[in-house]
Amino acid sequence: MKKTQLFITLISLLSLVVASAQVKVSGRVIDAETQKPVPNADVVLPNAAVFTTTNSDGSFYLETEKSDSILEVTANGYDYFETELTTKVTYQFLAVLTPNGEMDSNTAIELGGANLSGKTTKFKKKKENPAYAIMQKVWENRKKNGLKAVPQYEYKEYEKLEFDLNNIDSSLTKRRVFKDLEFIFDNIDTSDVTGKTFLPLFINESIYKVYGRNIPDSKLRKDLMANKNSGFQDNEIMIQTLKNLYKEYDIYDNRLNFFNINFVSPIARDGFAVYDYELTDTINLDGIDCYRIKYFPKRTAEHTFKGDFYITISGYAVKEIVMQSTKTIGVNFVRDIFVSHQYEIVNDSVFYPKRDYIILDMSLLNNKDDSQGMFAMRTVLYEDFDFSQLREDEFYNPRNYDPYHSGAYEKDDDYWTEARPESLSARETGIYEMLDSLQQVPRFQRFVKGVEIIGSGYWNVAKTIDIGDLYSTFGYNKIEGLRLRAGARTYFTPNDMWRTAAYLAYGFRDQQFKYGLEARFMLNKTNRFQFGIGTKRDIEQLGVQLTSSDGIMTRSFASSSIISQGENDKLSHINKTNVYTSIEPFKNFTLRLDGNYQTTRSADPNLFNLNYLWNGYEDDNTIDTNVSLSLIARPGARFSRYGIDRFEHTTNAPSIMLRYTRGFPGLFNSQFNYHKIQLLYTQPILVGSFGRSVISFESGKTFGTVPLPLLSVIPGNESYGQIFGTFSQLDYYEFITDVYATLIVDHHFNGWILGKIPLIKKLKLRELGFLRAAWGDISVKNIGINRSDIQYFAPNDKIYFEYGFGIENIGLGNFRPLRVDFNWRGSYLKLPDARKFGITVGLEFGF
C-alpha cells in the first residue's frame, strides 16, 4: 500500500509544477465522403525520411530537425495525398483522403528505398498473408537470436531517466502556486513523439558495466560505474519510483509486462489472432536488408500495440520495432506508451541490443489527451560489446563491486562529457541548472517536504528524527476504545546503518498505556549482517496470521478495526522481547535467528479467557521462551538502498520462508517444550492475457503439548476490510489446529471479461475471482489441556473453503482504488453462527 501511495503522491507533485525542431506538424486524416477518421495511414516527410502512422482517431504528429516542406499521406483504398507545408510549425492540419474503391497495396511511396502503404488487406486466412510466412521464420529462429546464444558477453550500458510535466499552457504558468518559480518555464519543449509541450522536472543518468555468461550456467553481474541526477539526491523516492515503472522483457516473448499487466507482443506466436499485419516492402537499415511489417490490433479495449517492425531478410531477426499503445489502453494513470527498440545484428544467429527508448504519457486525474500530466522517459544505449573475455565463477558475484565506495556518485562534469555515448541536448543540460536553482526556493522545499510526509507517513525533524507512522495514530477496539498512538524513529539518511524506533499508545476505555521500542544495527552492507533487540507491551488480536511477522513495531489489522462484523473482544495482552541476528550469505537469501520471550494473557478475562491446565493447575498466563531459525528466499527480487531498511521494487518474484521454532521449558520461567516447523510460499504470476494471479500456500506442524496462544489458528477476518492471507467468512479462533495447510488464490482478470461487454466496458470495471481453502487437525493432548472459553475445532474431516468474485477499479477518472468482494462460505455451513455470505471492501492503488 505504501509503495502505491508513493506513486500517487509523486504524480501529485509533478502535476503542480523551447528548443524547437525545424519542422513540426500535427493533425488528422479523414475520409472525404464519410468525414470519419482514417486509422493506420502512413504520414511521411519524405525528404527528412521521417514517418508515422495515424491513430485510431486519425490523429498524427511528426517532428524533425531536417528541413522538409512536403507532406505525403497514403492508405489502402484511398488516392495518394501530397501537399506543401507553408510553415515550419503546422498544428491542426487536416488531410482529406478520397476513396478510390481499391483495397490493394499498389499505391505506395518511397522512403529511403522502402515502399510504404496504409491499411492492410483483409485476408480470409492468415496463411494468405505474406507477412505470416516471414513471422513463421522469425519464430523458428527465435532461440538462435540474442545474447543468450553466445558463451559469454560484456558491454557498457548508458541509462537516462527523465520526468516531464506535459500539456503546459499559459493558464498553468500563471497559477499562484508557481510564484517565485517562473524561471522553470524557460525550459519548455515539445515532444517529437506526441507533439505535447512539456517541462523537464527531473533527469537521472547512470552508466553500467554488464558481465554475463550462458555456459556452463547462466550468470550476470551489473556494476554501476557512474550516476548523476538533477539535484534530488535526498529524494530517492523519485528515482526508485521512476525505475520501477519499467519492467525487463524479451521482445520475442509472447507477452510483455507493463505495470504488471501482460500486453500481447507483436512478435507473439499467437499474434495473428490479435493483430492485423501488413508486409509493406523492404528497406535497408545499417546496410542490412529488412522487411517492414506494419501491425495494428483487430479489436479495441485490449492490451495491445500498433506500429511497425523490421525483420532481417537473412536470419529473420528483429532489427527495429516501434510499439505504441492504442487510445483505449485501459490502464489507470497511463494515456500512452511509446516504445522503440533497435538491435545490432552480428550474424545470422546473433544480435544484441543497440538502443531502447520508452515514453510513458501519464496523467493523475483522467486520461483525456489535453489534461495535464507527465512524461516518464527512459533511454538506454548499449556499446563496447566483447564476446571473448573469459571470467572465473567468483567474478560474477555481484558483491565483488560496491558502487558506494567506488566513486560512482562522485564523477565530475568532465567524466560525463567523455563517457556519454550521446551528448545531452541544450534542454537536458538546462535541467541540471534549473533544478539546482529550484532547490534554493523555500516554497519548493516546503512542497517537497509535504509530499514526502504524505508518501512515507513520517515527518522528519532536524534531519535526524522521523515522527510517525502518522497513519497509525488512531485506532479503535472494544477493549481500548479509542486508541491514540505516537511514534518516532531515527532517520539521518535513507541508507542508515542503524535505526532505533519507539511508540507510545493510550486506550481511553481501559485507561492503559502501551509501548514498544527497538534498535537495529547492520555491521556489513555486503552480506547484510545485522542484529537487533526490541520489546513491547501492547494489546493485539492473535490468530490472524499463521506465520507471525518478525519485529516489534508491527501491529495486526484486527486490533484496530473501527467497523467489524463481530464483537472484536477476543484480544490478548502481550509482553514480548525479541533479540535477532540475520545475514544474507547469497543474494536474496537470508538466514535469520530469533530469540523470543513472550507472556500472553487475555486483555479482558470477563469477555474472553486463554486458560489452560498445567501440572494439575489452571493457569491464565502463557509464558514462552523460544528460538526460531528462518530461511528466507526471494529469487528475482529487486532492492534499492543498502541501509538497514531497503526499498523493494514491485516484481513478480516469489517469497519462500521455512521456519523452525524450538520452545525451551524452564528458561526465564518458560513452561513449554515444543517444536514447530512452518512453510510459507507466495507467488504473483502473470497468466498470459488473462490477468494476474497471486498464490499463497502455508503449512506447518507443532510437535508437543501447548496452550491456545502457541497453536496455529486458521486466520479469520471479522472486519469488513480485505486482508490477503485471511479467510473472510471465518471468525477469530473458529478453527484451532496444531497441523495445517492453507491455499489462497486471487486472480485479477484486468477487465478481460467486463472490458468486452458493451456499455459496461465504458465503466472500466475489472473483475476478479478467488478461492481460499484450509485443512487442519488438533491432537487429543492439546484438546485435553484447554480450559479457555474457545472450543477447539479443526477442519479435519473435510477441507474448509470459501470462494467468490469481486469488482475492482471502481472510482472516477484515474482514481479507481475501490474493490468490493462477494464472499461465500463453501463448507462447514452448519456450524453455529457460521457466516455463509459476506461483503468486504478494500482499497488498492495501482495501474
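Being a predicted model, the structure only gives us computed values, none of them experimental.

## Here's the deal with the sheet that holds strand β5 (residues 70–74)
1) Next: Reading across from one edge, β3-β2-β5-β6 is the order of the four strands in this open sheet, with antiparallel pairing throughout. Every interior strand has two partners, whereas the edge strands, β3 (50–53) and β6 (81–84), have only one. In this sheet, adjacent strand axes meet at a mean angle of 15° when their direction is disregarded.

## Side note on a nonpolar patch on the surface
1) Next: A grouping of Leu591, Leu593, Val627, Leu629, Leu631, Leu658, Tyr660, Phe664, Leu667, Phe668, Ile677 and Phe703 is seen on the molecular surface, where their side chains present a nonpolar patch of about 970 Å² in accessible area.
2) Next: Listed by contribution, the elements that provide at least two residues to the nonpolar patch are β31 (589–602), β34 (622–633) and β37 (655–663).
3) Next: Mapped onto the fold, Tyr660 is located in strand β37.

## Side note on the pattern of salt bridges
1) Next: A full pass over the atoms with the stated rule returns 39 salt bridges.
2) Next: Ionic pairing is found between Asp393 and Arg213, a salt bridge with its closest N-O pair at 2.6 Å. Residue Asp393 is located in the loop between β22 (373–386) and α5 (413–419), and its partner Arg213 is located in strand β12 (residues 197–213); the two are separated by 180 residues in the primary sequence.
3) Next: Across the salt bridge formed by Arg520 and Asp645, the nearest N and O atoms sit 3.0 Å from each other. With Arg520 in strand β28 (residues 512–524) and Asp645 in the loop between β35 (639–640) and β36 (647–648), this pair connects stretches of sequence that are 125 residues apart.

## Looking at the packing of aromatic side chains
1) Next: Following the criterion strictly, the structure yields 46 aromatic pairs and no others.
2) Next: With centroids separated by 5.8 Å and ring planes inclined at 65°, the aromatic side chains of Tyr155 and Tyr382 adopt a geometry described as edge-to-face. Taken together, the positions of Tyr155 in strand β10 (residues 152–166) and Tyr382 in strand β22 put the pair 227 residues apart, joining distant regions of the chain.
3) Next: By relative accessible area, Tyr155 is classed as buried at 10%.
4) Next: Of the residues examined, Tyr382 reaches a relative accessible area of 15% and is grouped as buried.
5) Next: Counting every residue linked through ring pairs, the aromatic cluster contains Tyr132, Trp139, Phe272, Tyr275, Tyr277, Tyr295 and Phe309.
6) Next: Sitting over the face of the ring of Phe395, Arg391 holds its NZ or CZ atom 4.4 Å from the ring centroid.
7) Next: Its guanidinium or amino end placed over the ring of Tyr828, Lys798 lies 5.3 Å from that ring's centre, counting from NZ or CZ.

## Let's talk about the sheet that holds strand β4 (residues 59–64)
1) Next: Strand order in the open sheet formed by three strands is β4-β1-β7, with mixed pairing between adjacent strands. Where the open sheet ends on each side, the last strands, each with one partner, are β4 and β7 (89–97). Averaged over all neighbouring strand pairs, the angle between strand axes comes to 25°, with direction disregarded.
2) Next: Both strand β1 (residues 23–31) and β4 contribute to a ladder of six bridges, which runs antiparallel. Note that in β4 the partner of Gly27 across the bridge is Phe60.

## Here we look at a positive patch on the surface
1) Next: On the surface, Lys125, Lys126, Lys127 and Lys298 cluster together into a patch of positive charge.
2) Next: Tracing the chain through its elements places Lys125 in the loop between β9 (114–116) and α2 (130–140).
3) Next: Since its relative accessible area comes to 58%, Lys125 is described here as exposed.

## Topic: the environment of Gln512
1) Next: Structurally, Gln512 can be placed in strand β28.
2) Next: Residues Gln512 and Asp538 lie 26 residues apart in sequence; the distance between their C-alpha atoms is 9.5 Å.
3) Next: Residues contacting Gln512, with those up to four places away along its chain left out, are Ala505, Tyr506 and Gly507.

## Some points on the side chain of Gln598
1) Next: On the secondary structure map, Gln598 appears in strand β31.
2) Next: Looking at Gln598, its side chain comes within polar contact range of the side chain of Thr600, at 3.2 Å.

## Regarding the pairing of β22
1) Next: In terms of burial, β22 is largely enclosed, as eleven of its 14 residues are buried.
2) Next: Both β10 and β22 contribute to a ladder of twelve bridges, which runs antiparallel. Across the sheet, the residue bridging to Glu157 is Tyr382, located in β22.
3) Next: When strand β21 (residues 351–363) meets β22, the two strands line up antiparallel, connected through nine bridges. When the bridges of β22 are listed, Ser363 appears paired with Gly373.

Conventions and cut-offs
Residues numbered from 1 in each chain as written. Predicted model: local features only at pLDDT ≥ 70, side-chain atom pairs only at ≥ 80, totals over all residues. Heavy atoms only, no water. Pairing = 2+ DSSP bridges. Helix = DSSP H or I, 4+ residues; strand = E, 2+ residues; numbered from the N terminus. Axes fitted to C-alpha atoms, helices over the stretch in contact; angles between N-to-C directions. Patch = residues over 30% accessible without salt bridge, like charges linked within 9 Å, V, L, I, M, F, W, Y side chains within 5 Å. Areas by Shrake-Rupley, 256 points an atom, 1.4 Å probe, with all protein chains shown as cover. Salt bridge = Lys/Arg side-chain N within 4 Å of Asp/Glu carboxyl O. Phe/Tyr/Trp six-rings, centres within 6.5 Å; stacked < 30°, edge-to-face > 60°. Buried < 20%, exposed > 50% of the residue type's maximum accessible area, 1.4 Å probe, protein only. Lys NZ or Arg CZ within 6 Å of the ring centre and 35° of its normal. Lys, Arg positive; Asp, Glu negative; His and termini not counted. Charge placed at Lys NZ, Arg CZ, Asp CG, Glu CD. Contact = heavy atoms within 4.5 Å. Polar contact = N/O pair within 3.5 Å; in protein donor to acceptor, adjacent residues only side chain to side chain.

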